[in-house]
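# Fold and contact review
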Number of protein chains: 6
Amino acid sequence: MKPTVYMEEMDAFTYRDKLAGDSVFFIPVGALEQHGSHMAMCVDAALTKTMAGETAKALEAATGGKVNGIVTAPINYGFRSQQRSGGGFHLTGTTSLRGTTLIALAHDIALSLMRQGARKIVLMNGHYENYQFAFEGMQLALEDARAEGINDAKIQLLSYWDFVDDATIEQLYPDGFTGWDLEHAGVMETSLMLLFFPELVDMDRMDPELYTGLPATLPNYDVLPIIPSYTPPSGCLSHPGESSREKGVILRDTAVANMVEAIKREFAWSYIR
Amino acid sequence: MKPTVYMEEMDAFTYRDKLAGDSVFFIPVGALEQHGSHMAMCVDAALTKTMAGETAKALEAATGGKVNGIVTAPINYGFRSQQRSGGGFHLTGTTSLRGTTLIALAHDIALSLMRQGARKIVLMNGHYENYQFAFEGMQLALEDARAEGINDAKIQLLSYWDFVDDATIEQLYPDGFTGWDLEHAGVMETSLMLLFFPELVDMDRMDPELYTGLPATLPNYDVLPIIPSYTPPSGCLSHPGESSREKGVILRDTAVANMVEAIKREFAWSYIR
Amino acid sequence: MKPTVYMEEMDAFTYRDKLAGDSVFFIPVGALEQHGSHMAMCVDAALTKTMAGETAKALEAATGGKVNGIVTAPINYGFRSQQRSGGGFHLTGTTSLRGTTLIALAHDIALSLMRQGARKIVLMNGHYENYQFAFEGMQLALEDARAEGINDAKIQLLSYWDFVDDATIEQLYPDGFTGWDLEHAGVMETSLMLLFFPELVDMDRMDPELYTGLPATLPNYDVLPIIPSYTPPSGCLSHPGESSREKGVILRDTAVANMVEAIKREFAWSYIR
Amino acid sequence: MKPTVYMEEMDAFTYRDKLAGDSVFFIPVGALEQHGSHMAMCVDAALTKTMAGETAKALEAATGGKVNGIVTAPINYGFRSQQRSGGGFHLTGTTSLRGTTLIALAHDIALSLMRQGARKIVLMNGHYENYQFAFEGMQLALEDARAEGINDAKIQLLSYWDFVDDATIEQLYPDGFTGWDLEHAGVMETSLMLLFFPELVDMDRMDPELYTGLPATLPNYDVLPIIPSYTPPSGCLSHPGESSREKGVILRDTAVANMVEAIKREFAWSYIR
Amino acid sequence: MKPTVYMEEMDAFTYRDKLAGDSVFFIPVGALEQHGSHMAMCVDAALTKTMAGETAKALEAATGGKVNGIVTAPINYGFRSQQRSGGGFHLTGTTSLRGTTLIALAHDIALSLMRQGARKIVLMNGHYENYQFAFEGMQLALEDARAEGINDAKIQLLSYWDFVDDATIEQLYPDGFTGWDLEHAGVMETSLMLLFFPELVDMDRMDPELYTGLPATLPNYDVLPIIPSYTPPSGCLSHPGESSREKGVILRDTAVANMVEAIKREFAWSYIR
Amino acid sequence: MKPTVYMEEMDAFTYRDKLAGDSVFFIPVGALEQHGSHMAMCVDAALTKTMAGETAKALEAATGGKVNGIVTAPINYGFRSQQRSGGGFHLTGTTSLRGTTLIALAHDIALSLMRQGARKIVLMNGHYENYQFAFEGMQLALEDARAEGINDAKIQLLSYWDFVDDATIEQLYPDGFTGWDLEHAGVMETSLMLLFFPELVDMDRMDPELYTGLPATLPNYDVLPIIPSYTPPSGCLSHPGESSREKGVILRDTAVANMVEAIKREFAWSYIR
């Protein structure tokens with residue numbers, strides 16, 4: 001078996017060796033959700049797992065291998081997609097969890113890791129709607145851990161796109177940036193998919209009749225039951241046409257570098273170079 | 001994007017086309033669990049997803065393409081590993097869900113699929129301990145679906161190893177078979193991994209000092225808190241030494257063929273050949 | 001008893017008369033949370049209830065009294081205050097609910113109203129952290145309502161500050177606006193309190209030694225357990241010094257007018273002028 | 001800001017000063033419930049909050065200011081009104097929580113207060129049906145607090161009407177007292193509302209055709225679904241006609257004095273006069 | 001097998017025959033709780049099951065056998081014993097359920113019975129503290145039943161002691177009656193045990209040193225954590241010394257007759273004599 | 001009161017004396033479930049309680065009375081009967097709990113016992129479908145107990161039939177044994193009922209038209225909703241015709257002796273003879 005940052009691909013003994021050293025755990029939280037006709041539905045789970053993997057490797061490199069990065073199995077279902085950030089949970093293909101389920105799932109995974117010895121955890125979110133539920137799950141896990149006498153665990157919670165800085169945004173979106181909410185199936189996600197999973201993207205499947213009304217103009221509120229006509233017909237919220245593998249490289253490099261900095265700041269080891 | 005049975009790799013529009021036809025959904029339920037030093041920890045999730053995929057493809061073939069097989073994203077965490085079937089949830093690496101969380105997760109996924117139009121669902125289990133919780137989740141999903149007016153959904157629940165027939169068992173275990181419980185990290189799982197994920201198996205990592213006391217002799221009861229000494233030092237419950245890719249082929253072929261028959265019996269289409 | 005839009009102040013028979021006509025219900029969701037030394041801790045609950053009341057009255061006026069606005073008793077506790085939007089739930093005075101509790105509370109209130117006959121509901125949020133949990137509660141209430149045969153209910157979910165338009169923001173924040181997140185105990189909330197509850201504000205209680213480091217510069221992630229030093233000593237996230245009753249009037253007028261428009265759009269009655 | 005016993009009206013710094021001293025917290029638990037045509041629906045929440053406030057002030061006075069009384073934001077929704085004590089949860093206007101929601105809500109508030117430092121808590125109930133659920137919430141909060149190392153908290157649970165003594169009852173109900181159950185919207189609640197919130201009472205709105213069949217003669221059991229004809233048409237369970245502000249004064253004075261005595265007994269400070 | 005009213009002692013086919021006719025179901029809800037040194041701990045469960053059985057038989061007799069009385073298996077654990085009605089849940093022997101567990105248990109049993117065809121259900125309570133939780137469970141069961149299309153079920157909820165009328169009380173308690181709350185392990189329960197389960201009572205085991213301070217004088221509030229000294233040393237709340245089998249007969253006869261009348265009133269069949 | 005191992009029949013003071021010594025607690029978990037036309041529906045609860053009682057007595061005898069066996073009140077409702085082990089929860093008479101309810105019930109009982117001082121607990125299962133939920137309940141109880149500082153409790157979980165050894169099986173089933181799953185209402189349960197509760201068995205009520213298709217041939221999977229035709233018409237899964245009191249004696253003696261050995265192994269006292 002090859003060296004890997006992915007816990008799923010490690011055997012338990014190798015994993016235990018890593019855990020005996022200094023380790024940072026990454027819990028990727030994604031979704032199974034429609035992303036238009038040009039991309040597969042795993043985008044949120046696949047990208048988050050991969051970005052976590054890239055960040056884990058970069059962290060290992062930045063510490064000369066003194067810190068192990070370990071990416072757990074992803075949470076591959078997410079909270080109900082909302083119309084203003086994912087098109088809506090009424091769309092066929094989008095497969096949703098209740099909020100309480102996501103809270104419980106995040107709670108259990110983090111607590112189980114802490115019971116094994118994990119003390120430095122990064123929850124990386126890749127589906128906008130998940131964040132509050134994942135946050136609550138992490139807090140409940142910490143409360144349980146403390147009741148068991150684990151008092152030194154620390155959890156950092158972030159969404160990877162928040163680490164794309166303004167300069168990069170300006171560079172990648174020369175015609176103006178409409179916000180991360182509307183990036184659902186847009187240039188950021190598509191470019192990263194072109195970089196990591198080109199076989200799951202088909203840039204030719206952007207039928208102009210479908211890929212219209214983009215970026216979406218959505219109200220500044222939600223309505224339930226969802227009003228389907230508010231979502232553009234493609235299910236994308238901004239147009240992915242200007243996506244490219246090159247932009248994916250830039251996005252990855254920027255976000256990963258900034259995430260490594262943020263992780264270093266919170267889990268500061270003296271030997272970090 | 002290539003044709004696929006995996007929902008995660010489909011775009012939403014292709015998925016909707018499939019759903020408009022006759023489709024059988026497979027929900028794989030696995031675990032993230034130690035499997036000795038010779039295999040990665042994803043075994044239960046990876047094998048179940050793959051066996052579901054193989055069964056989905058075989059079902060499509062058996063119906064001349066008139067039925068679509070769709071494998072959803074796997075549940076990649078499972079219920080607490082028990083000592084008599086998985087070595088125990090105290091073992092580092094084994095990452096466990098509470099029973100209520102697994103019930104909720106299975107419930108939500110099945111209900112969300114039924115709301116999208118799924119009416120024929122196969123829940124495929126690959127981690128012994130999950131079964132009762134997954135069963136309860138399916139029943140709750142059906143009750144909710146009925147309250148929403150969905151009265152024609154049907155769910156088949158199975159564990160893939162139950163479809164390895166006695167003749168095959170005799171052939172593969174010439175020295176006697178000790179039961180599926182003890183097959184944790186044994187010949188069946190290892191052979192299937194050698195077939196599907198050879199890069200996640202290392203047959204040389206079966207240190208005799210570790211791979212001792214196999215097959216495990218475990219009491220006919222459980223104890224909590226777990227008594228670590230009851231579990232063999234490798235974490236395996238039977239010896240995987242006689243595993244081979246060839247046995248993996250036989251196991252896959254037998255189980256898949258028998259599962260296709262069982263699925264046909266329950267979801268009988270006139271045009272099945 | 002005087003005419004009122006507040007359900008708490010109506011007798012049941014008057015309420016039933018209103019319900020027999022065309023009515024829009026407002027559910028205010030607030031918090032009990034520290035807001036610096038210059039304001040009382042009820043800000044989120046009190047402002048949201050009052051903004052809902054003002055919107056209810058404006059809606060009645062806009063329809064010539066043909067539509068009744070009814071403001072329910074507020075949810076006066078909120079989800080755990082987060083450091084980036086409320087200073088953090090570690091701060092003494094901030095009294096927090098678990099996510100599951102807030103989901104259940106919002107769920108029960110909306111379902112109970114629908115069982116009484118409410119069909120047009122506006123959930124008005126006034127504590128940033130609540131939104132996702134309130135959203136989930138509303139969806140669960142709708143699912144239950146449908147199972148009981150109530151198929152014509154509609155719920156609009158909004159945060160009142162989202163209805164302050166860009167022109168107003170520019171006018172009120174001449175030195176630049178740092179985002180609604182950082183408005184915790186800042187100019188918006190303080191100005192509205194000066195308008196509605198001047199007795200609960202004391203502009204002289206902004207000790208410069210305490211009211212420093214504003215606007216707060218917070219990381220683009222969360223950490224648990226909370227790191228107290230990240231929160232400015234006052235607990236405010238931006239400086240309220242430039243607040244005034246006049247700004248409160250502008251904020252109220254703008255937000256209320258825009259909310260009335262949004263409510264009209266979603267619950268469009270022919271007789272609306 | 002004026003001195004106050006109401007936590008909602010305190011700023012966080014003043015509150016922290018109080019908490020640094022000896023403080024008794026009051027959690028008022030009410031309801032939003034029909035109370036006939038002569039009173040507003042907030043009766044249970046408003047009276048309980050006010051009685052808690054009066055008791056807090058009396059406690060401060062009785063200790064020469066050495067003890068701070070702090071009244072938290074009320075729980076302003078209650079458990080399903082029952083026919084024998086509130087007319088029934090089928091009545092329009094009565095807005096009800098599930099039992100599990102009320103348990104969770106009481107649990108969270110008490111736990112959050114204890115985490116802030118509260119050690120002396122009085123849960124004051126004002127809606128008969130709430131009591132058992134509030135009791136359970138308090139016990140769960142204490143269990144969680146103990147798991148966090150908080151071992152010195154104490155909670156007193158009471159309903160304010162239980163502190164009206166027999167002599168007062170005889171004085172106020174010269175024609176005989178039918179029990180607190182039937183006091184729903186009767187003389188006690190109406191007299192206290194006339195004292196504290198006269199603008200929310202209208203003694204002229206007791207239409208004799210409606211205010212008939214009082215005191216209600218209800219069976220010694222409950223029926224579900226509720227049988228509406230068992231509830232008198234007004235929704236009151238006894239006739240409020242003999243209510244007066246003066247009786248309100250007597251009720252308040254008696255109950256508050258007796259509650260102060262009970263609180264002193266349980267939280268006995270040497271400096272209490 | 002002999003004819004019986006106890007569902008536990010019926011075979012399924014006999015039960016189905018009964019269910020095909022007109023049947024009233026009784027769900028006894030008890031507790032496992034200390035009852036002094038003179039009685040076994042099953043009192044609440046055993047008496048309630050037996051009183052339900054006696055009532056079922058009396059109902060069959062009163063209808064000339066046209067109505068079947070069916071007593072389900074009892075709920076033999078109850079909610080936490082409270083100090084004012086059961087001595088307190090701190091007492092060794094008293095084995096308690098959380099409120100949410102009791103709600104769920106009552107909910108499931110009633111729903112399962114309704115799914116089988118039960119439409120007339122009497123929930124008979126025998127442990128004071130249970131009532132509100134059992135009530136909530138019944139309401140949730142009815143809501144679920146309705147969502148499944150069961151609209152004609154009716155549930156009567158009662159505590160058997162409420163059917164001992166005033167004349168009987170006067171006769172049995174010549175020295176004055178202190179209320180059902182304090183009857184915990186007192187004359188009523190002991191007399192009924194002497195009638196039904198004399199082998200589980202020992203009237204000689206009332207050590208005067210232990211059976212002192214009776215009837216208990218308890219405060220008009222609860223305290224948590226419980227203050228053990230408030231409970232009399234025996235754990236009884238009133239003295240059982242005057243108990244007798246004869247009083248048991250009177251209690252049974254009165255309560256059963258009155259319950260039969262109440263059940264007839266609610267489930268009125270034309271052929272009841 | 002006579003000496004007894006049944007907690008329900010002990011008074012609290014006798015119970016406390018036992019608890020002061022060395023005690024093993026037995027929690028029987030059964031069901032209320034159809035068992036054909038020849039047996040009452042209490043089989044699972046009644047047999048498990050009795051087998052626990054027999055084991056408790058045998059344990060007391062084996063230790064010369066130095067260890068007390070205490071059997072708690074049984075859980076007399078179980079998880080939904082499954083078609084492959086109990087005929088299915090669709091069968092009238094079978095009264096089922098949700099999984100979450102059974103988890104909570106087992107959790108509460110075990111935790112309450114541990115809070116009273118119990119440290120050695122045997123959960124004895126008598127309804128196949130319960131096991132996983134009871135296991136989860138025990139684990140949750142232990143986690144809560146540890147958070148309260150109880151670190152020395154131990155729980156053994158077993159199903160009594162697993163202690164019937166192979167030699168006995170061969171003796172009792174000369175024509176071959178089809179597995180414990182199919183023993184639902186078969187020779188084992190019927191023979192034990194003939195031994196312990198002969199009045200609840202009627203060997204003449206095995207109508208050949210009904211008692212056909214036995215042993216049942218069931219698929220190696222479950223289907224939901226249940227397909228009634230898969231269950232034999234009697235509801236039994238194997239034929240009970242060869243049952244006898246004598247076989248009951250053998251089954252009891254074997255299982256009890258083996259359980260005592262297993263309990264001794266786990267709770268090894270030096271004075272065990």
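Everything in this summary refers to the structure shown in the same document. (Residues numbered from 1 in each chain as written. Chains lettered and ligands numbered in written order. Predicted model: local features only at pLDDT ≥ 70, side-chain atom pairs only at ≥ 80, totals over all residues. Heavy atoms only, no water.)

Let's shift gears to the relation of the copies chain B and chain A. Least-squares fitting of chain B to chain A yields an RMSD of 0.0 Å, with the superposition described by an axial translation of 0.0 Å and a rotation of 180 degrees. This pairing of chains is accounted for by a two-fold axis. No C-alpha of chain B lies nearer the rotation axis than that of Thr101 of chain B, which sits 3.2 Å from it. By residue overlap, the copies meet face to face through one surface: 100% of the interface positions of chain B are interface positions in chain A. (Least-squares fit on C-alpha atoms with pLDDT ≥ 70 in both. Contact = heavy atoms within 4.5 Å.)

Our focus in this paragraph is the interface of chain B and chain A. Accessible area lost on assembly of the parts is the figure often given for the size of an interface. On the chain A side, the residues contacting the 53 residues of chain B number 53 residues. Across the interface of chain B and chain A, roughly 4,100 Å² is buried in total on both sides, 60% from carbon and sulfur atoms. On the chain B side of the interface with chain A, the three residues burying the most area are Met1, Phe13 and Thr92 of chain B, jointly 16% of the side's total. Counting across the chain B and chain A interface gives 4 salt bridges. With a shortest N-O distance of 3.1 Å, Asp11 of chain A and Arg205 of chain B are connected by a salt bridge. Counting the contacts that link chain B with chain A gives 32 residue pairs in polar contact (both at pLDDT 80 or more). Broken down by element, the side of chain B that touches chain A gets its largest block of residues, 10 residues, from helix α4 (residues 99-116) of chain B. Taken together, the residues that form the side of chain B that touches chain A break down as 25 nonpolar, 17 polar and 11 charged. (Buried area = accessible area lost by both parts, 1.4 Å probe. Salt bridge = Lys/Arg side-chain N within 4 Å of Asp/Glu carboxyl O. Polar contact = N/O pair within 3.5 Å; in protein donor to acceptor, adjacent residues only side chain to side chain. Helix = DSSP H or I, 4+ residues; strand = E, 2+ residues; numbered from the N terminus. Nonpolar A, V, L, I, M, F, W, Y, C, P; charged D, E, K, R; others polar.)

Moving on: the environment of Gln116 of chain F. Within the fold, Gln116 of chain F resides in helix α4 (residues 99-116). Distance in space between the C-alpha atoms of Gln116 of chain F and Lys66 of chain F is 20 Å, their sequence separation being 50 residues. Discounting residues that sit within four places of it in the chain, Gln116 of chain F has contacts with Thr92, Gly93, Thr94 and Thr95 of chain E together with Met7, Tyr15 and Leu19 of chain F.

Once that is clear, we can look at the arrangement of the chains. Chain A shows no contact with chain E. Their nearest C-alpha atoms sit 17 Å apart. Looking at chain C next to chain F, you find no contact at all, with the nearest C-alpha pair sitting 17 Å apart.

The next thing to look at is the sheet that holds strand β7 (residues 222-224) of chain E. Taking strand neighbours across the sheet as the criterion, the 5 strands line up as β2(D)-β1(D)-β5(D)-β6(D)-β7(E) in an open arrangement whose pairing is mixed. Two strands bound the open sheet, and with one partner strand each, they are β2 (67-71) of chain D together with β7 of chain E. Between one strand and the next, the sheet's axes are offset by a mean angle of 20 degrees, whatever the strand orientation. Relative to β2 of chain D, strand β1 (residues 22-29) of chain D runs parallel, the two sharing 5 bridges. Residue pairing in the sheet places Asp22 of chain D in a bridge with Val67 of chain D of β2 of chain D. On top of the sheet, helix α5 (residues 131-147) of chain D reaches β1, β5 (120-125) and β6 (154-159) of chain D together with β7 of chain E; it is set at about 175 degrees to β6 of chain D, its chief contact. (Pairing = 2+ DSSP bridges. Axes fitted to C-alpha atoms, helices over the stretch in contact; angles between N-to-C directions.)

Quick look at helix α5 (residues 131-147) of chain A now. Residue and element names in this part refer to chain A. Here α5 is 17 residues long and its end C-alpha atoms lie 25 Å apart, about the 24 Å a rise of 1.5 Å per residue gives. For α5, the tally of buried residues reaches 14 of 17 residues, placing the bulk of the element in the interior. Taken from the residues just after α5, Gly149 is the one with a positive phi, measuring 95 degrees. (Expected span 1.5 Å × (residues − 1). Buried < 20%, exposed > 50% of the residue type's maximum accessible area, 1.4 Å probe, protein only.)

Residue and element names in this part refer to chain A. Tracing the sequence through the fold places Met114 in helix α4 (residues 99-116). In the structure, Met114 is positioned 49 residues away from Phe163 in sequence and 26 Å away in space, judged by C-alpha atoms. Here Met114 is in contact with Arg119, Ile121, Ala141, Leu142, Ala145, Ile150, Ala153 and Ile155, once residues within four sequence places are set aside.

All right, on to the sheet that holds strand β5 (residues 120-125) of chain E then. If you walk across this open sheet you meet the 5 strands as β7(D)-β6(E)-β5(E)-β1(E)-β2(E), and the pairing is mixed. Two strands close off the open sheet at either side, each with one partner strand: β7 (222-224) of chain D together with β2 (67-71) of chain E. Taking the axes of each pair of neighbouring strands and ignoring which way they run, one obtains an average angle of 20 degrees across the sheet. Where β7 of chain D meets strand β6 (residues 154-159) of chain E, 3 bridges bridge the pair, whose relative direction is antiparallel. Considered in β6 of chain E, the bridge of Val223 of chain D is made with Gln156 of chain E. Its contacts with the sheet put helix α1 (residues 12-20) of chain E on β1 (22-29) and β2 of chain E, and the angle it makes with β1 of chain E is roughly 115 degrees. Here helix α8 (residues 245-266) of chain E sits on the sheet and contacts β7 of chain D together with β1, β5 and β6 of chain E; the angle it forms with β6 of chain E, its principal contact strand, is near 160 degrees.

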